[in-house]
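One-letter residues, chain by chain:
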Amino acid sequence: KVIGRDIYVNGSFDFKKLKKTLKILDNQLDPELLIDIGANIGTICIPAIRRGLFNSAIAFEPEPLNFSLLNTNISLNSLSSKIVTHNIALGDKEDSFAELELSEFNYGDNRIRTSNSKPTKNKTIKVASKKMDDKIENINPKSTLIWMDTQGYEGFILKGARRILEKNVPLVLEFWPYGMSLSDSYTHMKN
């Protein structure tokens, strides 16, 4: 109702932001690998690979329906050999589970609940969660871009990515104070 509709009407969703990022990083990044965290249905990784902006991608999407649509869209675009998908959440703990709150109207607005999250009436499901440092190894910071849109949970993901962050990999993330205050992740992001 939101992302799919926007793609249908406008032909893309948030893709202009990726192109602007690459323009800013023009002389500092030789784009080969895109890491798409909160990939949803593939609105960033699929056109990035399809248009030749990156050679390959790793996509993380914890919500089962979105993950299924992501894989279907990858297959329909003949990109299965270039995009590796993971049906997990990334966070600050290794080999754990997270509670994913499902948005009733916007499948791009699902979010991980934390112990500090305010209770809502939305349905929740349990999803596997791992630290980014445990899922991604041996990346080249001169050719890798991390793209993250996780509805305010970014601070927890960064907390679980210390080794990767030490490599100074370029990182783009959604900065949404309201979402960060709901999950209390801003402090982690600052740290």
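Preceding this section is the structure that the text describes.
Note that the structure is predicted; figures quoted are calculated from it, not measured.

Criteria and thresholds
- Residues numbered from 1 in each chain as written.
- Predicted model: local features only at pLDDT ≥ 70, side-chain atom pairs only at ≥ 80, totals over all residues.
- Heavy atoms only, no water.
- Core = buried A, V, L, I, M, F, W, Y, C linked by side-chain atoms within 4.5 Å.
- Buried < 20%, exposed > 50% of the residue type's maximum accessible area, 1.4 Å probe, protein only.
- Helix = DSSP H or I, 4+ residues; strand = E, 2+ residues; numbered from the N terminus.
- Contact = heavy atoms within 4.5 Å.
- Arc of directions from axis to C-beta.
- Salt bridge = Lys/Arg side-chain N within 4 Å of Asp/Glu carboxyl O.
- Polar contact = N/O pair within 3.5 Å; in protein donor to acceptor, adjacent residues only side chain to side chain.

Colleague: Give a detailed account of the nonpolar core, specifying residues and quantitative values.
Modeller: With 27 residues, the main nonpolar core has Ile35, Ile37, Phe60, Met132, Ile146 and Ile164 as its most contacted residues. When contributions to this core are tallied by element, the ones reaching two or more residues are strand 1 (33-37), strand 2 (56-60), strand 4 (89-91), strand 5 (96-101), strand 8 (144-148) and helix 6 (154-159). Look past the residues within four positions of isoleucine 146 in its chain and what remains in contact with it is Ile35, Ile37, Met132, Ile164, Val169, Pro170, Leu171 and Val172. By size, the runner-up hydrophobic cluster in this structure holds 22 residues, among which are Leu29, Ile44, Ile49 and Phe54.

Colleague: Any chance you could break down helix 2 (residues 15-24) for me, citing the residues and the numbers?
Modeller: All of the buried residues along helix 2 are Phe15, Leu18, Thr21 and Leu22. For helix 2, the angular spread of the buried residues around the axis is 115 degrees, confining them to a single face. Those residues of helix 2 that are exposed and aimed more than 90 degrees away from the buried face are Lys16, Lys20, Lys23 and Ile24. Its buried side turned inward, helix 2 meets helix 3 (45-50), strand 8 and strand 9 (171-173).

Colleague: Any chance you could break down the pattern of salt bridges for me, citing the residues and the numbers?
Modeller: Tallying each qualifying case throughout the model produces 3 salt bridges. For aspartate 92, the salt bridge goes to lysine 93, with nearest N and O atoms at 3.7 Å. With a relative accessible area of 18%, aspartate 92 lands in the buried category. We note a salt bridge from aspartate 95 to lysine 130, for which the minimum N-O separation is 2.3 Å. Separated by 35 residues along the polypeptide, aspartate 95 in the loop between strand 4 and strand 5 and lysine 130 in strand 7 (residues 124-131) bring together distant segments of the chain. The class for aspartate 95 is exposed, based on a relative accessible area of 56%. Connected through salt bridges with shared partners, the residues Asp92, Lys93 and Lys159 form a single ionic network.

Colleague: Could you give an account of the side chain of glutamate 61, naming the residues involved and the relevant values?
Modeller: Topologically, glutamate 61 is positioned in the loop between strand 2 and helix 4 (64-76). Among the polar contacts listed, one links the side chain of glutamate 61 to the backbone nitrogen of asparagine 40, at a separation of 2.7 Å. Apart from residues lying up to four places away in sequence, glutamate 61 is in contact with Gly38, Ala39, Asn40, Asn66, Phe67, Leu70, His86, Asn87 and Ile88.

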